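Secondary and tertiary structure notes
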Amino acid sequence: FGRHTYKKRSRRQPPGCGLMPAHIRPCPKAVVIADTSGSMGDKDLGLCLGVAAKVLKSLPDPRGLRVLVGDAAVQKAASVFRPEQVELIGGGGTSMKTLILEAVKEKPLPNVILVVTDGETDWPEHPVGCHVVACLTREDCGCYPVPRWIQKVVLHPKEN
């Protein structure tokens, strides 16, 4: 993936040759939202850290990964460079709608928001302007259906 541009010289440019385009790979901006409400257990919180670790490994962004941690409100928002830097604080009620609406206020707008939750939450009624993925730590119970405009993925913990 990526594209070619003439704004930058190719690193394989031979001397005395015409200008060759460079290959560039833009780095998408991702935001991970970790649900730390009272209904989230240790396995669920471990999956939150696992998603953050996978994103950090796949995005070579020197600015780190933006992580929002919270329950009914944002408890902590920080750029992290290692999964150990994510502080899982909270423990109250649940409103991922509030955290998603807070994430779209980031400048620049994220390309993707990954919401790691058990699914026992409310969701925004309408699209928010960027791609949102609900990473459910439990099978969907149907009590709080994920809107059709949000992509849904069910995470399964690794069995030892």
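Report follows, based on the coordinates.

What counts, and at which threshold
Residues numbered from 1 in each chain as written. Predicted model: local features only at pLDDT ≥ 70, side-chain atom pairs only at ≥ 80, totals over all residues. Heavy atoms only, no water. Helix = DSSP H or I, 4+ residues; strand = E, 2+ residues; numbered from the N terminus. Buried < 20%, exposed > 50% of the residue type's maximum accessible area, 1.4 Å probe, protein only. Pairing = 2+ DSSP bridges. Axes fitted to C-alpha atoms, helices over the stretch in contact; angles between N-to-C directions.

Of regular secondary structure, the protein possesses 2 helices and 8 strands. In the protein, the succession of α and β elements from N to C terminus is β-β-β-α-β-β-α-β-β-β. The principal-axis extent of the C-alpha atoms belonging to the protein is close to 65 × 35 × 25 Å. Each of the 160 residues in the protein was classed as buried or not, and the buried ones make up 40%.

Right, let's talk about the environment of K43 for a bit. Considering the arrangement of structural elements, one finds K43 in helix α1 (residues 42–58). Take K43: its relative accessible area is 62%, and that puts it in the exposed class. With 67 residues separating them along the chain, K43 and P110 place their C-alpha atoms 27 Å apart.

What follows concerns the sheet that holds strand β5 (residues 74–80). Sheet architecture is open: 6 strands sit in the order β5-β4-β3-β6-β7-β8, paired in mixed fashion. Edge positions in the open sheet fall to β5 and β8 (151–154), since each of these has one partner strand only. In this sheet, adjacent strand axes meet at a mean angle of 20° when their direction is disregarded. Pairing between strand β7 (residues 131–136) and β8: 4 bridges, direction parallel. Pairing of C135 across the sheet is with V153, part of β8.

Geometric descriptors of this kind do not, in isolation, establish any biological role.
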